[in-house]
2 protein chains.
Amino acid sequence: WPGGGHVSAAQKETTTIDTAQFMAAPITQLDTLEANQDDTKTKMELLILRIQTEFCRALEREEVGQKFLVDRWQRHNPKEGGGITCVLQDGATFEKAGVNITVMFAPLSKQLQASMRARGKTLPEDKQFTFFAAGISSVIHPRNPHVPTIHFNYRYFEMQDQDGNNKHWWFGGGTDLTPYYLVEDDVKLFHGTLKGACDRHNPTYYSRFKKWCDDYFFIKYRGERRGVGGIFFDDLEADKPEDVFGFVKDCAEAVIPSYLPLVKRHKLDVVSEDQRRWQLLRRGRYVEFNLVYDRGTKFGFATPNARIESILMSLPLHARWEYMHQPEPGSPEYKITEVLKNPKDWV
Amino acid sequence: WPGGGHVSAAQKETTTIDTAQFMAAPITQLDTLEANQDDTKTKMELLILRIQTEFCRALEREEVGQKFLVDRWQRHNPKEGGGITCVLQDGATFEKAGVNITVMFAPLSKQLQASMRARGKTLPEDKQFTFFAAGISSVIHPRNPHVPTIHFNYRYFEMQDQDGNNKHWWFGGGTDLTPYYLVEDDVKLFHGTLKGACDRHNPTYYSRFKKWCDDYFFIKYRGERRGVGGIFFDDLEADKPEDVFGFVKDCAEAVIPSYLPLVKRHKLDVVSEDQRRWQLLRRGRYVEFNLVYDRGTKFGFATPNARIESILMSLPLHARWEYMHQPEPGSPEYKITEVLKNPKDWV
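Anyway, here's the lowdown on the structure attached to this text. (Residues numbered from 1 in each chain as written. Chains lettered and ligands numbered in written order. Predicted model: local features only at pLDDT ≥ 70, side-chain atom pairs only at ≥ 80, totals over all residues. Heavy atoms only, no water.)

A separate point is the pairing of strand β9 (residues 229-236) of chain B. All names here are of chain B. Taking burial as the measure, the eight residues of β9 include seven buried ones, the bulk of the element. Pairing of strand β6 (residues 168-178) with β9 involves six bridges; the strand directions are antiparallel. Pairing of G174 across the sheet is with F232, part of β9. (Buried < 20%, exposed > 50% of the residue type's maximum accessible area, 1.4 Å probe, protein only. Helix = DSSP H or I, 4+ residues; strand = E, 2+ residues; numbered from the N terminus. Pairing = 2+ DSSP bridges.)

Structure (structure tokens):
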């Protein structure tokens, strides 16, 4: 990575980074991170390492004995980075919980260059580009249908040409909730916590990013959204990366307080066979959105030598498709589908 | 449909069509069918009505009491046609069996016009086009993991501009098998029966359409095929539609002899929990192919007011995704994945 290369600890005053706290060793060499602590790339990698650990540990405290399996992996070309995939499968509380971080330095393929241009980035055709991407992505599918599924993803991109010019950087991300049954207090707590993180940075963020989320998680052919939304944003820039980084950090830190209370409230709720069946049908819709529409998944499919298992970690352990299943009007199952068709304001 | 309009029975000598034999009444008005019995549109509609009935009845004979649910539906604008969807769900032998026919007369959307042009059809930009499509499509997901899943689809298209010029017609289709465990004799019987149907029409068909099938049902990001293939073809034309119709008829009639013996052989095989789990994991891959790659599904998603339930009828009742599941080298589960990675010649 030009300009972000190796500087030995002896050359510069550095603070020691305690990596023992993380699920696994950082992807970038430790001395590179220590020597470049003011670089947004370093800050983002350390943030996602910490958020991954805190979230996994918080979920484990809701489990009965089971711990996350930790899979640290490298890309085919280890110089291009890698990731840490943490998965807890078939637990008492969580049927499938995946928390993945990726740190990647790689040439930007022609296909992805074209898609960046389509999104309004200036990338001269005659230049070769490399990009850096660091992100955390997580989907939690609990066993109990009264505990919603949560997804969040926070990511930082940098790109520049071979001469170090035509630089671009931006943040993207979001957190969204997919309940199987509508409990308004749960949805209000969830949206209220995200709104709090947004409001500390910009009074327009929450309403803009809430709408963006409702628009993004839309299964067009079904005429319904994947869940009750949350926040979603992309291409977020400012004069200084620090300003956006502070917002993304607050959003990532809002995940636990927005979600863990719902797990604690409902993980032991009584469940009928019909409720379990309904949950599996809705998980089928989750699969439909992720495979047909999700931009992150498509980006993964388009990345040469992508690590498919880390991308499809978002899919539930079980899903079900029945022909023409229609919840009975007035039933709790019907009530949630009405909200998926017509998004509401929650806070 | 210009040129294919209503001619009353009194105007022309006709043979009576016995519709009582079908799962439901034809989509096209009976007197229109009776008055145009030499028209390929009529022949195709009657063929798919008959094949649907024969296949559903043959499957019901393998069930314990359960019958197909028959759902005859019309498009939002009934003049544009409709279909008959037959579904048998949660049976003793078949976990989900769907056999759908569609007969459609509709304007060709700009999006589909562009995709037809990309496939080499001459469609002048300044003309409005209407199309006729009649097809049968079926996916059978048996309960026992030792019985393979089968899919087949045979379809006929006609299109012309508003002046009745720039006519195009073609057939497409195929039959393919997705076993969970490899039983070579089963695969040989299946491929051998399809080859027989092909060889009666053209000595090059089987090898060309077998390869086309292996190429089509490829999950690129997994580096594996959906199953052990079969035959697949599209845009099949000739001097006279009758010649291709005869081939398509033979293929459609080969479905029962290629598949029913496998159902009979294995529907009562002993099944372990691990074998059931493996079947559900492979059903997850089936979902992946259908939602990410399948052209028929994408065509459906792109059709305004498409009947999504009839399109997604192909998805299994249950599917499963585990992180990093790898069958043990040398195991029966491993053996089938080797064949999915490296297609073989079976006959």
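Residue and element names in this part refer to chain A. Spatial ordering of the open sheet is given by β1-β2-β3-β4-β5-β6-β9, a layout of seven strands whose pairing is antiparallel. On the outer flanks of this sheet lie β1 (69-74) and β9 (229-236), each paired with one strand and no other. Adjacent strand axes in the sheet meet at a mean angle of 5°, parallel and antiparallel pairs treated alike. Pairing of strand β3 (residues 94-107) with strand β4 (residues 129-142), which is carried by 13 bridges, proceeds in the antiparallel orientation. Of the residues in β4, the one forming a bridge with V103 is A134. Along the sheet face, helix α4 (residues 184-199) touches β5 (149-161), β6 (168-178) and β9 and points at about 30° away from the line of β9. (Axes fitted to C-alpha atoms, helices over the stretch in contact; angles between N-to-C directions. Contact = heavy atoms within 4.5 Å.)

This next bit is on the side chain of R222 of chain B. Among the structural elements, R222 of chain B can be located in the loop between β7 (218-219) and β8 (224-225). The residues contacting R222 of chain B, other than those within four sequence positions of it, are I308, E309 and L312 of chain A together with R285 and E288 of chain B.

Expressed as a screw operation, the relation of chain A to chain B combines 0.0 Å of axial shift with a rotation of 180°, fitting to an RMSD of 0.0 Å. Classification of the inter-copy transformation places it as that of a two-fold axis. Every residue of chain A has its C-alpha some distance from the rotation axis, and the shortest such distance is that of A319 of chain A, at 2.7 Å. Interface overlap between copies: 100% of the residues of chain A at the interface are likewise at the interface in chain B, consistent with a symmetric, same-surface contact. (Least-squares fit on C-alpha atoms with pLDDT ≥ 70 in both.)

Let us look at the packing of aromatic side chains. Evaluation of the coordinates by the stated rule reveals 52 aromatic pairs over all chains. With centroids separated by 6.0 Å and ring planes inclined at 25°, the aromatic side chains of F289 of chain B and Y293 of chain B adopt a geometry described as stacked. Exposure remark for Y293 of chain B: the relative accessible area of 26% places this residue in the partly exposed category. Between the NZ or CZ atom of K121 of chain A and the centre of the ring of W170 of chain A, over which it lies, the distance is 3.8 Å. (Phe/Tyr/Trp six-rings, centres within 6.5 Å; stacked < 30°, edge-to-face > 60°. Lys NZ or Arg CZ within 6 Å of the ring centre and 35° of its normal.)

Moving on: the pattern of salt bridges. Residue and element names in this part refer to chain A. One pass over the full model with this rule turns up 72 salt bridges over all chains. D274 is paired through a salt bridge with R277; the nearest N and O atoms lie 4.0 Å apart. With a gap of three residues between them, D274 and R277 both fall in helix α8 (residues 273-292), about one helical turn apart. Looking at R277, the relative accessible area reads 31%, which means it is partly exposed. (Salt bridge = Lys/Arg side-chain N within 4 Å of Asp/Glu carboxyl O.)

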